[in-house]
Amino acid sequence: MASGSSPTAIDLFCGAGGLSEGLRQAGISPVAGVDFDKHAVATYRHNHPNVPVVEGDVAEVTGEQLMELAGTREIDLIAGGPSCQGFSTHGKRMQDDPRNFLFKHFVRLVEEIQPKMFLMENVRGMLTYGKGAFRRQIEAAFEEIGYRTDFAQVLAADYGVPQLRHRILFIGTRVDEIELSFPPRTHGADDEPELKPYVTVEEAIGDLPLMGDDYKQNERPYACAPQNPYQVYCRTGAPKDVTLHIGRPLSAQAQSLADHIGQGEGLRAVPVEALPPRFQKMRTISSGALRRDCTTLYHRLHPAKPSYTITCNYKNVASGPFLHPWEDRAISHREAARFMSFPDHYQFVGASFPRQIGNAVPPLLGRAIGEEIVKMLSQAGKKRSRAA
């Protein structure tokens, strides 16, 4: 990092650009991106118009190609989240899922480009799968190409994201003077007075208009002025009206269940006699007694708590905790984006919005680790200056 210049980053598996947006907020300049999803790439280009993006298979991309796109051979950071969905706790866990090995191309491009640091974000399930064998495989691969690594489990809500999203972060460096570290938590629960309180569902979306019976209007006036710092953050630089705030009525079955579900409750709140037969079976254990464990199926978000993890299925209330806190509908695209900490000026284009939003890195999580990376690079630069 040259004196007075911004650190540079290449965003592999960049998707819709959540991580790049967070790094940009932290003072890091994305200079190139890669992703195979044409809709996500369209969104990335729309929101990061000055960053060249390769739309294609990362296996066919070379480090030389990315450095030419970036216009520099001095890259401070390679960042990204190679899909490891076979280890996700939100679906079937398949060790041999080919997506689990995309990290090898991440490692290959780190070796070819030789950035000062790397940042890799992923699902936390990979940390414990096979008693940590996959994690050790990743660490060994980076060690083989000369990078010291460290990892940490993080909760997005701990950094101001209104969402209980657990992830694992790997960071690494080839620079001796860099001391690896992770950002300290800034937010916490009510019994942690030294931290800011978690951002809640109501704080995240309370200024967005209710839909009533009008589900299809794409742009709507805000319900009120920003009521808290998070809403100020989301609305800075935003259009006059809320965009992508559309919905649809619940199916007859979902509505019959939602009638029994209050804020912070899910399928377990529905009387057994009101459940469809397949859900009645779910309510009991082998002895015939009612189950006491919790489920987030048909869960209605609680206004006074962060949301649960936003997945690619947030438009389907049968699949998870996506019932709106005040209306009988699934959350809108803009509400999902708010829970991910995308500012309202961030526009999603093309199609497959739930996949674009649900697969993204929350920008505020990206900003937190980005600010820590800027600090590490700066401290290392000062050490070198003193040594010289």
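Data block above holds the structure.
Predicted model only: the values in this text are computed from it and were never measured. (Residues numbered from 1 in each chain as written. Predicted model: local features only at pLDDT ≥ 70, side-chain atom pairs only at ≥ 80, totals over all residues. Heavy atoms only, no water.)

1. Concerning the pairing of strand β5 (residues 117-123)
Among the 7 residues of β5, 7 are classified as buried, and the element is accordingly described as predominantly covered. As defined by bridge partners, strand β4 (residues 77-80) adjoins β5 across 4 bridges and the pair is classed as parallel. Paired with I78 across the bridge in β5 is F118. Inspection of the sheet shows β5 paired to strand β7 (residues 166-173) by 7 bridges, in the antiparallel sense. (Buried < 20%, exposed > 50% of the residue type's maximum accessible area, 1.4 Å probe, protein only. Helix = DSSP H or I, 4+ residues; strand = E, 2+ residues; numbered from the N terminus. Pairing = 2+ DSSP bridges.)

2. As for the packing of aromatic side chains
Taken as a whole and judged by the stated rule, the model has 10 aromatic pairs. Between F118 and F142, the aromatic rings sit 3.8 Å apart at their centres with planes inclined by 15 degrees, giving stacked as the arrangement. Note that F118 is positioned in strand β5 and F142 in helix α6 (residues 133-144), a separation of 24 residues in sequence. Each member of the pair, F118 as well as F142, carries the same accessibility label: buried. Counting every residue linked through ring pairs, the aromatic cluster contains F106, F118, F142 and Y147. One Lys or Arg, R235, reaches over the ring of Y222 and ends 3.7 Å from the middle of that ring. (Phe/Tyr/Trp six-rings, centres within 6.5 Å; stacked < 30°, edge-to-face > 60°. Lys NZ or Arg CZ within 6 Å of the ring centre and 35° of its normal.)

3. Re the nonpolar core
Membership of the largest hydrophobic core comes to 32 residues, with the highest contact counts inside it found for I10, L12, L66, F106 and F142. Listing elements by their share of this core, those giving two or more residues are β1 (8-12), β2 (29-35), α3 (63-70), α4 (103-113), β5, α5 (125-128), α6 and β7. No other element matches α4, which puts 6 residues into this core. Aside from chain neighbours lying at most four places away, what touches F106 is L12, F13, I78, A79, G80, P82, F118, L119, M120 and F142. F322, M340, Y346 and F348 belong to the second-largest nonpolar core, a separate cluster that totals 30 residues. (Core = buried A, V, L, I, M, F, W, Y, C linked by side-chain atoms within 4.5 Å. Contact = heavy atoms within 4.5 Å.)

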